[in-house]
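The lines below spell out each chain.
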Amino acid sequence: MRRLHTIILAGLTAAFAMGGAASAATISIKSMTYSPKKLVPHLHLDGPIVQGDVETLKNFYLDFVGCRESCFTPEGNSTAVITLNSPGGSYETGLGLAKFLRENRISAIVENGMRCYSACAFAFLGGTAHSTQDGIGDFIDRTVEPGGILGFHAPYFPDQALTGLIEDFGAGEVFGESREMIATMVENLVDWNVDQHIVSTMVSMGPNETYDLDTPNDYFLVRTSLPPGSRTAYQPDDIEAVRNACIRLLAMHESAEPREVADRLAGLPFTDNISKDEFGNPLSGFKLSDKPLGLGHCSVSGADWRGSGDLDIALYQTEGLTGYSRPMLSMFNREQGWSTAGTGANASRRIFQKESLNHFFLPVDMNLAEIAGTNSPGIDPFEVSPEIAFPDLGADLEIFAEDNGTRISGKGDVFVFTQLANPLAFLTAKGRLTAPGTPFSYESVSEIALVRGGTYSDSGDTFSWIAYKGSDASAIVRIEILKPDGVPPTEEEMALLRRIECDTVFEGVSLSCGN
């Protein structure tokens, strides 16, 4: 049976990809700071997923991610970000990648223009971050930007491969092993907090079709977030924002998909001061029933909620003898903090995320591709005009990679990650350029330049982070001496680090090294 299992996995490696040969994915380090919201290294996976990709990702992670536990804060953070662009591939490797992301608290993102199918989609579901705040711990951190595609389907065999397996092992053994793998797939989907209503749809998708995340209804079911941004930027209509959030709460209350209950709130008038809660706060919303002690209305709490992203919305019972309504199921939306809907002790098993649950406020069947590339909120990576030149590092370094305002160069075990960014990036860097809790051996900060150096407490790697503010852009330069575990940097490597610090110039700005 073990030999059959191995052969079947080999068949699934080819069959689980959406076209193309099963050559290995390219895994790379893109930059050491993904965005102002995520000041952690940016890893990228591109191409078909095959056996060995987990080990490759692990090696990149160990080499280039300087913090582990020290990354985490009460506000929540990941140790790294991985962006995904893949047609799929090995089912087993996709599950292995998801496990690696979860265990190491790596955020998963599909950006606008990227495609992440089948095995890649399962890898994506491992996206996780962590908060040191009591009662939170690990939480889901997976994002699909409008214009990106995440698509699921079940493992399958090409006809020729299936015929050969049946001839070699018999139909009973082949289909028995296949059923076991489907069962594992379902178990993982449930464990990764995918809504029960969509699991059967994902499993039923065959080789020529996929379940793609196209609408806010899909984001709700797959527990996936839109890029961070204010509620009013995604949904400026206050009343429609409450109506759409109420649709989600009603779906959760009745264990249904949001699109199945949307008609129940369509056209209902919005009533101000429909009731009050036990604290005397006014409740305004949509009346659903007059049934005593039953579901009476879905309302937003407070008098000053219009125009705000911090909303408390709930399904309420009809008023009792006390004269106020009790909440039955609540949603708390916070643009700076934690947002949650429903109940549950485990943050990774309920609807829970950092910042606003913006897909809750959009029409359930809206085509999200319509807002791709518009003025709606996006991921906001560090981007800058291509006319801006990279800093002159002053050292004889080999350039290993250059892409979209980032450059990776180095010499021996000394690596330099240079990133061009908008002017606000310098202010972000002044606020926090290294991982929380990382001690500095030295630090110097001015209005136009800064340097912070030391040793990562997790990995023991020596680092120097520099930031410069130019007229229309900023530059962030991270120097890392990446040695095998326990091996200290040499005098020559430390001298090269210091030379890069002192010789680097960006738009006439440099550090004052006293010479």
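Residues numbered from 1 in each chain as written. Predicted model: local features only at pLDDT ≥ 70, side-chain atom pairs only at ≥ 80, totals over all residues. Heavy atoms only, no water.

1. Here we look at the overall build of the chain
Right, on to step 1. Looking only at helices and strands, the chain features 13 helices and 24 strands.
Right, on to step 2. Here the chain holds 515 residues, and 55% of them are scored as buried. (Helix = DSSP H or I, 4+ residues; strand = E, 2+ residues; numbered from the N terminus. Buried < 20%, exposed > 50% of the residue type's maximum accessible area, 1.4 Å probe, protein only.)

2. Thoughts on the nonpolar core
Right, on to step 1. Among the nonpolar cores identified, the biggest contains 84 residues, and Ile82, Phe124, Leu125, Leu150, Phe152 and Ile313 are the most heavily contacted of them.
Right, on to step 2. It is helix α10 (residues 238-253) that contributes the most residues to this core, eight residues altogether.
Right, on to step 3. Core analysis: the next-biggest nonpolar cluster, separate from the first, contains 22 residues, Ile388, Ala475, Leu496 and Leu511 among them. (Core = buried A, V, L, I, M, F, W, Y, C linked by side-chain atoms within 4.5 Å.)

3. As for the environment of leucine 293
Right, on to step 1. Positionally, leucine 293 belongs in the loop between β12 (282-287) and β13 (295-301).
Right, on to step 2. By relative accessible area, leucine 293 is classed as exposed at 62%.
Right, on to step 3. A C-alpha to C-alpha distance of 6.7 Å links leucine 293 and glycine 320, two positions 27 residues apart in sequence.
Right, on to step 4. Setting aside anything within four residues of it in sequence, one finds leucine 293 in contact with Gln317 and Thr318. (Contact = heavy atoms within 4.5 Å.)

4. Description of the sheet that holds strand β14 (residues 311-317)
Backbone-to-backbone hydrogen bonds pair the strands of a sheet. The strands run either parallel or antiparallel.
Right, on to step 1. Strands sit in the order β11-β12-β13-β14-β15-β16-β17 across an open sheet of seven strands; the sheet is antiparallel. Two strands in the sheet have a free side with no partner beyond their single neighbour: β11 (271-276) and β17 (351-354). Neighbour to neighbour, the strand axes of the sheet diverge by 30 degrees on average, direction disregarded.
Right, on to step 2. As paired elements, β14 and strand β15 (residues 327-333) share six bridges and run antiparallel to each other. Within the sheet, the bridge partner assigned to isoleucine 313 lies in β15 and is methionine 331.
Right, on to step 3. Running over the sheet, α10 touches β12, β13, β14, β15, β16 (338-341) and β17 and is turned about 50 degrees from β14. (Pairing = 2+ DSSP bridges. Axes fitted to C-alpha atoms, helices over the stretch in contact; angles between N-to-C directions.)

5. Overview of the sheet that holds strand β4 (residues 106-110)
Right, on to step 1. On the basis of which strands lie adjacent, the open sheet formed by five strands has the order β1-β2-β3-β4-β8 and mixed pairing. On the outer flanks of this sheet lie β1 (26-31) and β8 (142-144), each paired with one strand and no other. On average, each strand axis in the sheet is tilted by 25 degrees relative to the strand beside it, whichever way the strands run.
Right, on to step 2. For β4 and β8, the ladder comprises three bridges, and the chain directions are parallel. Note that in β8 the partner of alanine 108 across the bridge is arginine 142.

6. Some remarks on the packing of helix α2 (residues 53-64) against helix α3 (residues 91-104)
Right, on to step 1. At their nearest, the axes of α2 and α3 sit 9 Å apart, and the two run at 25 degrees to each other. In terms of orientation, α2 lies roughly parallel with respect to α3. Here α2 contributes Asp53, Val54, Leu57, Lys58 and Tyr61 to the contact with α3, which in turn contributes Thr93, Gly96, Leu97, Phe100, Leu101 and Asn104.
Right, on to step 2. Across the contact of α2 with α3, the residue classes break down as six nonpolar, three polar and two charged. (Parallel < 35°, antiparallel > 145°, perpendicular 65-115°, else oblique. Nonpolar A, V, L, I, M, F, W, Y, C, P; charged D, E, K, R; others polar.)

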